[in-house]
Amino acid sequence: MLNNNPQNVQTVSLIQRLKDKNVFEQLMKKHEKVTKDTPKGRLVVENPIEELGSSIVDTGRDVAALGKALTKGEATDTQLGRFQDLGMKLGGAAIAGVLAGSRATANKKLMEFIGAGTFFSTMALWPKLSIDMPTKFLYGFNPHQKVIDSNGDKKAAWLVNQFLPINDIMTKEDVNKVADKMGIPKNLEEREEYTKEKMRTIALQDNTLWMLSAGIAAPTFTSLVCNRAEEALRVPMANRTLKGVDKNIPNIEAAAKKAMGNAEMFKANDSVISEVTTSLRNGVVPEGLSETLAKAFSTTSNVQSATIRNSLLVDNSTAVEKFVSSIMPSQMPDFTALAQKLAGSEGEEAVKQAKELYERAYQSAVTGNLSTDIDTLTGVAKGMVQSNKALRQSNWAKQLKSGKLPENIRAVGIGQGYDKEALKAAADKIDEVYGAVIKPIQAYNSVFEGEVAKLNGVSGEKYASVTKTMLDSLGFTGEDIADLRNSTDFGDDLFNGISKKVQATAQDDKAYKRAMEALDRVQQKVGLTQSASKEAGKSTVGEVFDRLAGEVSSKIKGLKEGLSAETRASLEGSDLGKALLEGYSEHQVASSKSSIISVESMAERMKGMLTLERAMQDGSFEKKLEQVAGETGFSLDSDSVEDIKNLCRRVAWGSSYGDAMNKYGISGNGKKYQTVINTLFNCTEGETGRWQQAVRAISAEGSYIPDPALEFRVQNAPEAYAQEIAKTHKAKFADFGESAMGALKKQVNQVYNDRKWMKVFGGAAAALVGVTLISQLFFGKVRNAHLYKVKGQDNFQKEDSNGNK
Amino acid sequence: MPLDKSTLSNIPNNTYLILPKGRDSEDHIIKKRFDTGFRIMADKCVKIPSYTKEGMEGSRNFNFQKFLTLGMIPNFIGSAMLITISNALNGSFGGKDSFFAAKNGRKMAAGVILYALGKWIGNKIINKGVEATTGIDLDMPYKKIIHELPDGKDNKAKTSIEFHKVFESSAFPRWDLINKKGEENGNRYEYYDKLAKRMGYKEELNAPDQVVQPKVREVIVKATAAKSLSPFIWAAVGCGIAAQEPVGGFMKFRNRVTFGEAAKALPGEILRVGKESVKSFAKTKTGKVLMVGAVLSSVLGIANSVSGFKADKPLKSTIDDTRAHQEF
């Protein structure tokens, strides 16, 4: 037994030791025999262009490798890692696509893709510019040097800190070159090893710095870049969209046909119409026929558009009611069954009376242009009962007292008495009108609104680029803007601030010329004025709108061809019929157009501000004022000329189109203006029409404020239209149609906010760059420097060991 | 000192690392509970500062796992930064500008969160799907014990712990740990037997590891490849939902009277906005395409990953003598 005997334990131990010795010796022998393989890896040395090229090639390879991985299940771990980057980029493109879908203008859509692209570019460029380049400059090597390892995978040389293929790939000369750059003493033992260790240290520190900074750098720089890019792309993209809309005009019909095929859009209306006609064909007149049809026949848009809410074809329920009464059978319905039910218990005579009553009620409803449904008839009949003593006393008539029949009797009345054939014909007419006219108009409207929304976007983008220059051309500095923005009485301070600027500009010949030229250049640049655009061979937004509206209008006019003569006749006199004859009416078009062309006139109004101010200074304004006052019969009080001037400024600068027509023009519009108006222009109460004329004379017909939209309204607007504008002008002018002053106010806000945002995040970006660059100065302390020796000395760089000085 | 290897006595004493005995002295698979993934994540987050320190010092103990952990920083900071950039200054823009900026800010914030959520869901679905069909848990965690090197003059070697996944590498899955776990249960081939059964082998195989291992590798590669596509479509769905109008109208937390009230109203608000946004996104064409695409990518991803897994015909395997012994 060997167990537990100390002697034996020793024997076992000896055997074990001999075995160990054997293994050890074998190992050492093998070590001598086996030599290291020559590494198959190599450095990737490329200039930036080659790098870009190979990144594209690599992406292609990744795609191929991904295909192989998915089909055959073969890929290296490095490849699997790269697939994630590939997926991230594809996902980024998909997200940009999704977000672009929810953006209104072409510029904003494009910005989504630019944003995604910039984000990935920043991610790639940030380490290159802020880490690789400074490290190369300071220490003589690129910490993200690419290598192809012996496995054939391309990777960053120092990515895996504990596995550095580059150590075997770099030649002695390469390493020594870096060592020279780093200033490592030539007489250091194991100089190359030390240099490699130092490179590893720096590369690791760089990688860590990269991870710390990338999260701040990528979003911040992306926002900064996109902020600038969006500004630069505004006008070109808007012009592109404009061109697209213009080019698309001939295809409107096809687009409308396509929209008609959109089952989703017409689903609700289709089912309403089919319910109504089915019911009519079954001989039952549906309750509230007119109201139901009016909803389904509504030619206001089915598509919600944020900026255009005016319906171009207003067709109210009265019109549909007329239509309904014209298609419904005109012969006297048979009320026998109803009368039986109503008065049957009281004998033949009572039934006869009841029948007569309803027949009379029917006649009176038809003459009175009322609906002939059972409830209306009962209402009329009730009135007749009340005015007839004999009827009032009969028992059955008491059931009419409430103006409504008991439900069981009423049920008989619904659909009673109409000629079934006539009802079928009515149903056919409804189908015909809906299919041949209403549906196409709804489709045209939705297409039209889609295009108008695009034009609105174009206006908006151009607007933004014009007002910016307007603020610049008036000589506003950053301080002015901050002062105005932070003032407590923004409106007045802004007015005074702009007054001062405009006056100063108008006084100084040079400044005046410069500002006018700047505004001219803006107009040229964005193609706002007609002359400028004609030179460039482009159309203005307004011109494109006119063509678009004309095309759609003529298509709608053509729809009547699809109707039978009889049906066409039954539509006569209604708004719908009018629309079919005339297309979009002029003022319907104008109200849609106002928000679009207001931008076109914006720069002109800015110029007008300066021209007006200049005219006030050289006296020509006063002459004009005297002339207008003479014509309108005002006596000008010389003391208040300054006040009049100021008021004119307010009107010219501060009022929107609607204001000029309403706020200053309508009597009873606040005592203040009334008093000012009466004082200034010596009007008696009720004579404010003169004031209106005066405002028009100065601001529209005069040369100070050339304003096509205002001119249009002055020429075409009857009082009723002026009032219509008053109702909706807030909504209409909320975004675009604002005054020069309003535009400047917005711009002051915008510029201030931009600057503020830029200050904070631009500052953050600058700070990040600073910290990233400076921290690299302190990199490269080798923690195990105490292990290296300079020839003939004990130690090397005491202060370097473990980072202790 | 050059080593004199001629005599045994010259082998220096105590050159072997003495390790404490016990389970935690070597790598081992840990049992998965419902919160294991969360705890591993938390462990990583907690360790980020010390990893950062090591990285900034250029420590030689800084391994790739630590680098990957630091790789989470750009995700966290970048997400926070995106939210900050589009939200921090909105209050100071004034009036209507503030209102619209805040609307977009909320969408951006929701986009960042839903992007992450979408990616997580996309990954989870494939992992769960693969596990349900093959029995391979691609997330199977193990605890890695690392005996670090002394670094710097006065630095002592220490032992650190990391959490990895057994199948995180397709080239080198940790078969050794699987074998070890089997041995602890008395059957070294326990895991392979289980998988072989799932593959369709009715009888126990002689060398199940030889049959199972290449199949598992294939599943890992295919699933990882699928996971580099599908989750990003899910993320795009998340971003699309976040871009919908209802998100812009999400309640202002500070507008509530008390914090408690606000916190109480929050889940309902999230549910309402979430529901409305999903509905509104589903109405758009892109929304439909993406939602269907996301589901389809998951289904196809799983189907493709497991497509080669089933045994061609349930045969009893023999030991392949030509292949070298492959254990680690």
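Residues numbered from 1 in each chain as written. Chains lettered and ligands numbered in written order. Predicted model: local features only at pLDDT ≥ 70, side-chain atom pairs only at ≥ 80, totals over all residues. Heavy atoms only, no water.

Novice: Sorry if this is basic, but what is going on with the overall build of chain A here?
Specialist: Each helix and strand in chain A was counted, giving 33 helices and 3 strands. The burial tally for chain A puts 48% of its 805 residues in the buried class. Across chain A, the fraction of contacts at a sequence separation of at least 24, relative to all contacts at a separation of at least 6, is 73%. Of the roughly 39800 Å² that chain A leaves accessible, carbon and sulfur atoms contribute 53%. (Helix = DSSP H or I, 4+ residues; strand = E, 2+ residues; numbered from the N terminus. Buried < 20%, exposed > 50% of the residue type's maximum accessible area, 1.4 Å probe, protein only. Contact = heavy atoms within 4.5 Å. Areas by Shrake-Rupley, 256 points an atom, 1.4 Å probe, with all protein chains shown as cover.)

Novice: Can you walk me through the overall build of chain B in this structure?
Specialist: Per the secondary structure count, chain B includes 11 helices and 3 strands. If you list the helices and strands of chain B from N to C, you get β-α-α-α-α-β-β-α-α-α-α-α-α-α. Per-residue burial for chain B yields a buried fraction of 43% across its 328 residues. Pairs at least 24 apart in sequence give 67% of the contacts found in chain B among residues at least 6 apart. Looking at chain B as shown, the accessible area adds up to about 18300 Å², and 62% of this sits on carbon and sulfur atoms.

Novice: Sorry, what's going on with the confidence of the model for chain A here?
Specialist: A low pLDDT means the predicted coordinates there should not be read in detail. All names here are of chain A. For chain A, per-residue confidence averages 74 on the pLDDT scale, and residues scoring 70 or more make up 70% of the total. Mean pLDDT across the secondary structure elements of chain A bottoms out at helix α32 (residues 719-733), with 35, and peaks at helix α6 (residues 172-182), with 92. Considering only residues more than four positions removed or in separate chains, one finds that residues 301-317, a stretch of pLDDT under 50, has 42 contacts. Taken together, the stretch residues 799-805 has pLDDT below 50 and engages in 19 contacts with residues farther than four places along the chain or on a different chain. (pLDDT = per-residue confidence, 0-100.)

Novice: Hey, could you run me through the interface of chain A and chain B in this one?
Specialist: Frequently, the measure chosen for interface size is the accessible area removed from exposure when the parts meet. In this complex, chain A contributes 66 residues to the contact, which on the side of chain B involves 63 residues. Taken together, the two surfaces of chain A and chain B that pack against each other cover about 5500 Å², and 65% of this comes from carbon and sulfur. Per-residue buried area on chain A facing chain B is highest for Leu70(A), Met211(A) and Arg783(A); these three make up 12% of the total on that side. Counting every contact that joins chain A to chain B gives 2 salt bridges. Residue Arg783(A) pairs with Glu57(B) through a salt bridge whose shortest N-O separation is 3.2 Å. Where the side of chain A that touches chain B is concerned, the elements lending two or more residues are α1 (6-33), α2 (48-72), α3 (77-101), α7 (191-248) and α33 (740-777) of chain A. The greatest single-element share of the side of chain A that touches chain B, amounting to 16 residues, is contributed by α7(A). (Buried area = accessible area lost by both parts, 1.4 Å probe. Salt bridge = Lys/Arg side-chain N within 4 Å of Asp/Glu carboxyl O.)

Novice: I tried to follow the pairing of strand β2 (residues 141-147) of chain B on my own but got confused; where do I start?
Specialist: It is a general feature of regular strands that their side chains alternate between the two faces of the sheet. All names here are of chain B. With 5 of 7 residues buried, β2 is to be regarded as a mostly interior element. Sheet analysis places strand β1 (residues 28-29) next to β2, joined by 2 bridges and oriented antiparallel. Across the sheet, the residue bridging to Ile29 is Tyr142, located in β2. Pairing between β2 and strand β3 (residues 159-165): 7 bridges, direction antiparallel. The residue of β3 that forms the bridge with Lys143 is Phe163. (Pairing = 2+ DSSP bridges.)

Novice: Sorry if this is basic, but what is going on with the packing of aromatic side chains here?
Specialist: The geometry of an aromatic ring pair is captured by two quantities: the separation of the ring centres and the angle between the planes. All names here are of chain A. A full pass over the atoms with the stated rule returns 14 aromatic pairs over all chains. For the ring pair Trp757 and Phe761, a centre distance of 5.2 Å and an interplane angle of 45° mean the geometry is tilted. In this pair, Trp757 and Phe761 are both assigned in helix α33, 4 residues apart and thus about one turn of the helix distant. Phe761 matches Trp757 in its accessibility class, with the two residues each being buried. (Phe/Tyr/Trp six-rings, centres within 6.5 Å; stacked < 30°, edge-to-face > 60°.)

Novice: I would appreciate a short explanation of the packing of α3(A) against helix α7 (residues 208-227) of chain B in the present structure.
Specialist: The relative placement of two packed helices comes down to the angle between their axes together with the axis-to-axis distance. Put simply, α3(A) and α7(B) touch, their axes get as near as 8 Å, and they point 20° apart. In terms of axis orientation, α3(A) runs roughly parallel to α7(B). Of the two possible hands of crossing, α3(A) and α7(B) adopt the one that is right-handed. In this structure, α3(A) contributes Leu80(A), Phe83(A) and Gln84(A) to the contact, and α7(B) contributes Val221(B), Thr224(B), Ala225(B) and Lys227(B). Among the residues forming the contact of α3(A) with α7(B), the class breakdown is 4 nonpolar, 2 polar and 1 charged. (Axes fitted to C-alpha atoms, helices over the stretch in contact; angles between N-to-C directions. Parallel < 35°, antiparallel > 145°, perpendicular 65-115°, else oblique. Left-handed = near helix turned anticlockwise from the far one by under 90°. Nonpolar A, V, L, I, M, F, W, Y, C, P; charged D, E, K, R; others polar.)

Novice: How do you make sense of the packing of helix α4 (residues 95-134) of chain B against helix α8 (residues 230-242) of chain B when you look at a structure like this?
Specialist: Residues and elements named next belong to chain B. Relative to each other, α4 and α8 sit at 150°, their axes nearing to 7 Å. In terms of axis orientation, α4 runs roughly antiparallel to α8. Handedness of the crossing formed by α4 with α8: right-handed. Between α4, through Lys107, Ala110, Gly111, Leu114, Tyr115, Gly118, Lys119, Ile121, Gly122, Asn123, Ile125 and Ile126, and α8, the contact on the second element is made entirely by Ser230, Pro231, Phe232, Trp234, Ala235, Gly238, Cys239, Ile241 and Ala242. Taken together, the residues that form the contact of α4 with α8 break down as 13 nonpolar, 6 polar and 2 charged.

Novice: Which parts of the structure should I look at to understand a positive patch on the surface?
Specialist: A surface patch of like charges, here positive, comprises Lys31(B), Arg33(B), Lys181(B), Lys194(B), Arg198(B) and Lys310(B). Here Lys31(B) lies in the loop between β1 and α1 (36-57). (Patch = residues over 30% accessible without salt bridge, like charges linked within 9 Å, V, L, I, M, F, W, Y side chains within 5 Å. Lys, Arg positive; Asp, Glu negative; His and termini not counted. Charge placed at Lys NZ, Arg CZ, Asp CG, Glu CD.)

Novice: Is there a simple way to explain the sheet that holds β2(B) in this structure?
Specialist: Strand pairing within a sheet occurs via backbone hydrogen bonds; the two strands may be parallel or antiparallel. Residues and elements named next belong to chain B. Taken in spatial order, the 3 strands make up an open sheet running β1-β2-β3, and their pairing is antiparallel. Bordering the open sheet on either side are β1 and β3, each of which pairs with just one other strand. Against the sheet, α1 contacts β2 and β3, and its axis sits at roughly 135° relative to β3.

Novice: Sorry, what's going on with the sheet that holds strand β2 (residues 146-148) of chain A here?
Specialist: Residues and elements named next belong to chain A. Pairing in this open sheet of 3 strands is antiparallel, and the strands run β1-β2-β3 from one edge to the other. Where the open sheet ends on each side, the last strands, each with one partner, are β1 (42-43) and β3 (154-156). Judged from the 3 bridges that link them, β2 and β3 form a sheet pairing that is antiparallel. Opposite Ile148, over in β3, you have Lys154 as the bridge partner.

Novice: Can you help me understand the pattern of salt bridges in this one?
Specialist: The final tally for this structure, using the stated rule, is 42 salt bridges over all chains. Here Asp180(A) makes a salt bridge to Lys186(A), at a shortest N to O gap of 3.2 Å. Looking at Lys186(A), the relative accessible area reads 62%, which means it is exposed. In this structure, the salt-bridge partner of Glu183(B) is Arg188(B), at a minimum N-O distance of 2.5 Å.

Novice: What am I meant to see in the side chain of Ser775(A) here?
Specialist: Mapped onto the elements, Ser775(A) comes out in helix α33. A polar contact of 2.8 Å, which involves the side chain of Ser775(A), links it to the backbone oxygen of Val771(A). (Polar contact = N/O pair within 3.5 Å; in protein donor to acceptor, adjacent residues only side chain to side chain.)

Novice: Would you mind showing me how to read the state of the cysteines here?
Specialist: A covalent bond between the sulfur atoms of two cysteines is referred to as a disulfide. What the rule picks out here adds up to 0 disulfides over all chains. Free cysteine Cys226(A): the closest other cysteine sulfur is in Cys239(B), separated by 15 Å. In this structure Cys226(A) comes out as buried when scored by relative accessible area, which is 14%. Given a relative accessible area of 10%, Cys239(B) falls into the buried group. (Disulfide = S-S within 2.5 Å.)

Novice: Is there a simple way to explain the environment of Glu190(B) in this structure?
Specialist: You can see Glu190(B) is positioned in helix α6 (residues 190-199). When the C-alpha positions of Glu190(B) and Pro208(B) are compared, they lie 9.3 Å apart, and in sequence the two are 18 residues distant.

Novice: For this particular structure, what's the right way to read α3(A)?
Specialist: Each α-helix turn comprises 3.6 residues. Residues three or four places apart therefore point the same way. With 25 residues, α3(A) extends 37 Å from end C-alpha to end C-alpha; this agrees with the ideal 36 Å at 1.5 Å per step. Those residues of α3(A) lying buried are Leu80(A), Phe83(A), Leu86(A), Gly87(A), Gly91(A), Gly92(A), Ile95(A), Ala96(A), Val98(A), Leu99(A) and Ala100(A). (Expected span 1.5 Å × (residues − 1).)

Novice: It is not clear to me how a nonpolar patch on the surface should be interpreted in this structure. Could you clarify?
Specialist: Residues Leu773(A), Ile774(A), Leu777(A) and Phe778(A) make up a contiguous nonpolar surface patch of about 430 Å² in total accessible area. Inspection of the secondary structure assignment puts Leu773(A) in helix α33.

Novice: For this particular structure, what's the right way to read the nonpolar core?
Specialist: The tendency in soluble globular proteins is for nonpolar side chains to be buried side by side. Counting residues in each nonpolar core, the largest one holds 44 residues, and the members touching the most others are Phe297(A), Phe448(A) and Leu455(A). The set of elements that each furnish at least two residues to this core consists of α7, α8 (252-260), α9 (263-281), α10 (289-297), α17 (420-473) and α22 (541-558) of chain A. The element contributing the most residues to this core is α17(A), with 15 residues. Formed by 30 residues, the second largest nonpolar core is a distinct cluster that contains Leu177(B), Tyr191(B), Val211(B) and Val212(B). (Core = buried A, V, L, I, M, F, W, Y, C linked by side-chain atoms within 4.5 Å.)

Novice: What is the right way to look at the side chain of Ser298(B) in this model?
Specialist: All names here are of chain B. Looking at where Ser298 falls in the secondary structure, it is placed in helix α11 (residues 285-305). With a relative accessible area of 3%, Ser298 lands in the buried category. Sequence-distant contacts of Ser298, that is, excluding residues within four places in its chain, are made with Ile125, Ile126, Ser230 and Trp234.

Novice: Before we go on, may I ask you to explain the environment of Ser279(A) in this structure?
Specialist: Residue and element names in this part refer to chain A. For Ser279, the location among the structural elements is in helix α9. With 145 residues separating them in the primary sequence, Ser279 and Lys424 have C-alpha atoms 9.5 Å apart. Those residues in contact with Ser279 that sit more than four places away from it in its chain are Val284, Val285 and Pro286.

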